[in-house]
Amino acid sequence: EVNENIKKDRLLIQQSKLAAMGEMLGNIAHQWRQPLNTVNLIIHFLRDNYQNENFTKEKLEKYINKSKTQIDYMSQTIDDFRNFYKPSKTVVEFEIKNAIKDVLKISKEQLTQNEIEVILYLDDISIINYENELKQSLLIIINNAKDAILKKKEKENFDGKIEIKVSKETKFAKITITNNGDLIAEEIMERIFEPYFTTKFETQGTGIGLYMTRTIIETNMMGKIKVENIKQGVVFEITLPLETIMK
């Protein structure tokens, strides 16, 4: 039975990695679409104007530099994603607000495209913990918030909002992520952190994202996570110890 549980855990971890990879590729596609289009337009412009007598060397340099700026941005995007999904091997001291800004840097294109406003209330709080694991957990919650808002937008027209707050409570840092999408039904609320439980279509979700989030927060980071319905939507609350954790 122990061996079977170990096999199941390994399978979950592997599926989680594959899900994260799919999410990463989707986000990269969103981040790259605009610069690729810009480079494509520049190439066509150069092709159509290189024989024009008014097309000077200075103009050529100008458009080459524009293309280089877009390519550099795309290269930086790859580095951002690679570092983002790299697991933390040791605990480090980091600012929670900087971790949140890194997450939003990854997801901003999809949020902007879907007209979802992000409101931030971020106190300056440092903790000593696994930074990348927190970022990955926050990204999963923000993606779930985005999906809840989009689901509600299918039924009614409203302004989608995600609100993120960071505050300090005695020995803990508290992160709340609120969205004004659909509320969670009680029968779903009871199972939301279970492995393989999903309310999405099979092609839209694996049902392991929030399970892995709870595992990361509560097992690896020695924190707590909970979710509840509120008047204006749904709020996820994460509490993490301020002091050094020994793992």
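Scroll up for the structure.
This section reports on the structure supplied with the text.

Analysis parameters
Residues numbered from 1 in each chain as written. Predicted model: local features only at pLDDT ≥ 70, side-chain atom pairs only at ≥ 80, totals over all residues. Heavy atoms only, no water. Buried < 20%, exposed > 50% of the residue type's maximum accessible area, 1.4 Å probe, protein only. Helix = DSSP H or I, 4+ residues; strand = E, 2+ residues; numbered from the N terminus. Pairing = 2+ DSSP bridges. Axes fitted to C-alpha atoms, helices over the stretch in contact; angles between N-to-C directions. Contact = heavy atoms within 4.5 Å. Phe/Tyr/Trp six-rings, centres within 6.5 Å; stacked < 30°, edge-to-face > 60°. Lys NZ or Arg CZ within 6 Å of the ring centre and 35° of its normal.

## Notes on the pairing of strand β5 (residues 172–179)
Turning to step 1, where the next piece is worked out: Extensive coverage of β5 is indicated by the burial of seven of its eight residues.
Turning to step 2, where the next piece is worked out: In this sheet, β5 lies alongside strand β4 (residues 160–169) in antiparallel orientation, the contact comprising eight bridges. Considered in β5, the bridge of serine 167 is made with lysine 174.
Turning to step 3, where the next piece is worked out: Here β4 folds back onto β5 in antiparallel fashion, the turn holding two residues, of which threonine 170 has a positive phi close to 50°.
Turning to step 4, where the next piece is worked out: Pairing of β5 with strand β7 (residues 233–241), which is carried by eight bridges, proceeds in the antiparallel orientation. Bridge assignment links threonine 178 to a residue of β7, and that residue is valine 235.

## Things to note about the sheet that holds strand β2 (residues 116–122)
Turning to step 1, where the next piece is worked out: Pairing is mixed across the open sheet formed by five strands, whose spatial order is β2-β4-β5-β7-β6. Because the sheet does not close on itself, it has two edges, and the strands there are β2 and β6 (224–230). Taken over all neighbouring pairs, the strand axes of this sheet differ in orientation by 15° on average, direction set aside.
Turning to step 2, where the next piece is worked out: The sheet contacts of helix α4 (residues 131–153) involve β2, β4, β5, β6 and β7, and relative to β4 the element is tilted by about 145°.
Turning to step 3, where the next piece is worked out: Taken strand by strand, helix α6 (residues 209–220) contacts β6 and β7, and its axis lies near 130° from that of β6.

## Some remarks on the packing of aromatic side chains
Turning to step 1, where the next piece is worked out: Tallied over the entire structure, the rule returns two aromatic pairs.
Turning to step 2, where the next piece is worked out: Relative to phenylalanine 55, the ring of phenylalanine 45 lies with its centre 6.1 Å away and its plane at 65°, an arrangement referred to as edge-to-face. One end of the pair, phenylalanine 45, is in helix α1 (residues 2–49); the other, phenylalanine 55, is in the loop between α1 and α2 (57–84), and 10 residues separate them in sequence.
Turning to step 3, where the next piece is worked out: Ring plane angle 35° and centroid distance 4.5 Å describe the contact between phenylalanine 45 and tyrosine 63, whose orientation is recorded as tilted. Of the two residues, phenylalanine 45 is situated in helix α1 and tyrosine 63 in helix α2; the sequence distance between them amounts to 18 residues.
Turning to step 4, where the next piece is worked out: When its relative accessible area of 29% is taken as the criterion, phenylalanine 45 is described as partly exposed.
Turning to step 5, where the next piece is worked out: Three or more aromatic residues joined by ring pairs form one cluster here, namely Phe45, Phe55 and Tyr63.
Turning to step 6, where the next piece is worked out: Lying across the ring of phenylalanine 158, lysine 152 places its NZ or CZ 4.8 Å from the centre.
Turning to step 7, where the next piece is worked out: The lysine or arginine in question, lysine 165, covers the ring of tyrosine 121, its NZ or CZ lying 5.5 Å from the ring centre.

Keep in mind these numbers describe shape, not what the thing actually does.
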